[in-house]
Amino acid sequence: MLRIGIVGASGYTGEELARIISSHPGAELTVATSRQFAGKKISEVFPNLRGMVEITLENVALDELAERADLFFTAVPHQTAMDIVPKLLAAGCKVVDLSADFRISDAKVYEEWYQAHSAPEYIAQAVYGLPELNREKIKATSLVANPGCYPTSIILATAPLLKAGLIDATTIIADSKSGTSGAGRAALVGSLFCEVNDGFRAYKVGEHRHTPEIEQELGLLADKPLTISFTPHLLPISRGILSTVYASLKDGVDADQVTAVYEDFYRDEYFVRLCPAGTYPATQYVRGSNFCDIGFKVDSRTGRIVIVSVIDNLVKGAAGQAVQNMNLMCGFPEGLGLGVVPLFP
Ligand SMILES: NC(=O)c1ccc[n+]([C@@H]2O[C@H](COP(=O)([O-])OP(=O)(O)OC[C@H]3O[C@@H](n4cnc5c(N)ncnc54)[C@H](OP(=O)(O)O)[C@@H]3O)[C@@H](O)[C@H]2O)c1
């Protein structure tokens, strides 16, 4: 059995990791950390886990942590992860980091958007953990930088077109909407019921921290640097992201070509489901699952393509993708433990 540690098990992504690992046949949770809830069972913090996961949360000193598991998920805020991850790696553990600390390959760019980096020497060994793009590299690494939730939805929506050179890479606009769990479980005014319910707002327009991560990965696919317009919105739902991505098609590109490129790119990808022509995905059709559903429309009137993608931000956007990466790093079948049928309605 692979021994699993979750650092930050009292957060939303930590809970999802515990939930998914509880039904993984090759892995068992041996340590789960929390400062606030140390001494309590995880099922007292998350009653949905009652009888399924009964591990006690602990505030374990960093020096003692590494010996308690073989692979760690660090489900803590950015800036916190960069102090923990190097110590776990140095002790010989594998790490899937859910924060942004190792996602941006240029430390200077990271520091422009976040804050000073205390372990920039580890960035080069981190593999960006989007299995659909980086499967072979993920298999060979000890450190995966698990992608952000918005980036997962936008990169998977756009990758086939950029790789095949069907769109003008300077014209990408991503308009994304997220459920409130995307902000984590901390008590924030912006996440209060009255601030979120019965309304809909844009936030961090043109300045959201996921922007450099998205541009980095789309630039690699296009084989040249690019910029995008990215506008996130907050939805009054608990979980789910829907991204609508617009781009201008190159002259002469038609719907048949676009369809062939998507079908070819995702033919063998179990977790990416293409919607039948003329139909579009919805967050409730992927809820609780590791699927990313994608639908698109070639708008010949405007010369643009409109792509709609949905994920569960806590699963394909975080914990599910992290377990998919764990499976690749540890030689398990890629989908092991991730066979959940989406919860609908
Ligand atoms: N929510 C999403 O949809 C989502 C998606 C993709 C990626 N992520 C990323 O995943 C990470 C976790 O997100 P989340 O939504 O699960 O956050 P969260 O609900 O706020 O949970 C954060 C966790 O980190 C622990 N923590 C906070 N500060 C710490 C510190 N200084 N030292 C040790 N532990 C600390 C907290 O536990 P205690 O305070 O009890 O110690 C808690 O368990 C973040 O980096 C986030 O950006 C989140």
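What you see is a predicted model; the values in this text were computed from it and never measured.

### Quick notes on the nonpolar core
So, step 1. Ranked by internal contacts, the top residues of the largest apolar core, which has 41 residues, are Ile4, Leu17, Leu29, Ile42, Phe73 and Met326.
So, step 2. Elements with a contribution of two residues or more to this core: strand S1 (2–7), helix H1 (12–21), strand S2 (27–33), helix H2 (42–45), strand S3 (71–74), strand S13 (304–311) and helix H11 (315–330).
So, step 3. With 8 residues, H11 is the largest single contributor of residues to this core.
So, step 4. Both domain 1 (2–125) and domain 2 (149–313) contribute no fewer than three residues apiece to this core.
So, step 5. The next biggest cluster of nonpolar side chains, apart from the first, holds 40 residues, and it includes Leu130, Tyr150, Ala157 and Leu162.

### Description of the side chain of Glu334
So, step 1. Within the secondary structure, Glu334 is located in the segment after H11.
So, step 2. A residue is classified by how much of its surface remains accessible, and Glu334, at 18% relative accessible area, is buried.
So, step 3. Excluding residues that lie within four positions of it along the chain, Glu334 makes contacts with Pro131, Arg135, Phe271, Gln324, Asn327 and Leu328.

### Considerations on the layout of surface pockets
So, step 1. The space that makes up the second largest pocket amounts to roughly 440 Å³.
So, step 2. Along the wall of the second largest pocket there are 23 residues; nearest its centre are Tyr12, Thr180, Ser181, Gly184 and Ser238.
So, step 3. Elements with a contribution of two residues or more to the lining of the second largest pocket: H1 and helix H8 (193–196).
So, step 4. Per-element tally for the lining of the second largest pocket: the top contributor is H1, with 4 residues.
So, step 5. Looking at the lining of the second largest pocket residue by residue, the class counts come to 11 nonpolar, 7 polar and 5 charged.
So, step 6. Two domains each provide a minimum of three residues to the lining of the second largest pocket, namely domain 1 (2–125) and domain 2 (149–313).

### Overview of the sheet that holds strand S7 (residues 173–178)
So, step 1. Taken in spatial order, the 7 strands make up an open sheet running S8-S9-S7-S10-S13-S12-S11, and their pairing is mixed. On the outer flanks of this sheet lie strand S8 (201–202) and strand S11 (272–274), each paired with one strand and no other.
So, step 2. Across 6 bridges, the pairing between S7 and strand S9 (residues 229–234) is parallel. Of the residues in S9, the one forming a bridge with Asp175 is Thr231.

### What about the environment of Thr141?
So, step 1. Residue position: Thr141 is located in the loop between helix H6 (131–140) and strand S6 (143–145).
So, step 2. Between the alpha carbons of Thr141 and Val127 there is a distance of 6.9 Å; along the sequence they are 14 residues apart.
So, step 3. Setting aside chain neighbours within four positions, we find Thr141 in contact with Gln125, Val127 and Met329.
So, step 4. For Thr141, the side chain forms a polar contact with the main-chain oxygen of Gln125, separated by 3.2 Å.
So, step 5. Only 3.2 Å separates the side chain of Thr141 from the backbone nitrogen of Leu143, close enough to count as a polar contact.

### Quick word on the site of the ligand
So, step 1. Taken together, 27 residues lie near the ligand, and Ser10, Ser34, Arg35, Val76 and Arg185 sit nearest.
So, step 2. Ser34 is positioned such that a nitrogen or oxygen atom in its side chain is 2.7 Å from an oxygen atom of the ligand.
So, step 3. Within the backbone of Arg185, a nitrogen or oxygen atom sits 2.7 Å from an oxygen atom of the ligand.
So, step 4. Looking at the shell around the ligand, the elements with two or more residues in it are H1 and H11.
So, step 5. Its residues assigned to classes, the shell around the ligand shows 10 nonpolar, 14 polar and 3 charged.
So, step 6. Shared between two domains, the shell around the ligand takes at least three residues from each, and those domains are domain 1 (2–125) and domain 2 (149–313).

### Notes on unusual backbone geometry
So, step 1. Cis geometry marks the peptide bond from Phe344 to Pro345; its omega dihedral reads 0°.
So, step 2. Within the secondary structure, Pro345 sits in the segment after H11.

### Remarks on the domain arrangement of the protein chain
So, step 1. Under the domain assignment used here, the protein chain contains domain 1 (2–125) and domain 2 (149–313).
So, step 2. The distance between the C-alpha centroids of domain 1 and domain 2 comes to 27 Å.
So, step 3. Contact residues are listed per partner, giving 13 residues for domain 1 and 13 residues for domain 2.
So, step 4. Here domain 1 meets domain 2 over a buried area of about 1200 Å², counting both sides, of which 51% is carbon and sulfur.
So, step 5. With a closest N to O distance of 2.9 Å, Glu213 and Arg103 form a salt bridge.

Scoring rules and cut-offs
- Residues numbered from 1 in each chain as written.
- Predicted model: local features only at pLDDT ≥ 70, side-chain atom pairs only at ≥ 80, totals over all residues.
- Heavy atoms only, no water.
- Core = buried A, V, L, I, M, F, W, Y, C linked by side-chain atoms within 4.5 Å.
- Buried < 20%, exposed > 50% of the residue type's maximum accessible area, 1.4 Å probe, protein only.
- Helix = DSSP H or I, 4+ residues; strand = E, 2+ residues; numbered from the N terminus.
- Domains from an automatic or database assignment.
- Contact = heavy atoms within 4.5 Å.
- 1 Å grid on protein atoms, 1.4 Å probe; cavity = no way out; pocket = protein on both sides within 12 Å on 5 of 7 lines; lining within 4 Å.
- Points joined across faces, edges and corners; volume = space filled by probe spheres on them.
- Nonpolar A, V, L, I, M, F, W, Y, C, P; charged D, E, K, R; others polar.
- Pairing = 2+ DSSP bridges.
- Polar contact = N/O pair within 3.5 Å; in protein donor to acceptor, adjacent residues only side chain to side chain.
- Near = heavy atom within 4 Å.
- Buried area = accessible area lost by both parts, 1.4 Å probe.
- Salt bridge = Lys/Arg side-chain N within 4 Å of Asp/Glu carboxyl O.

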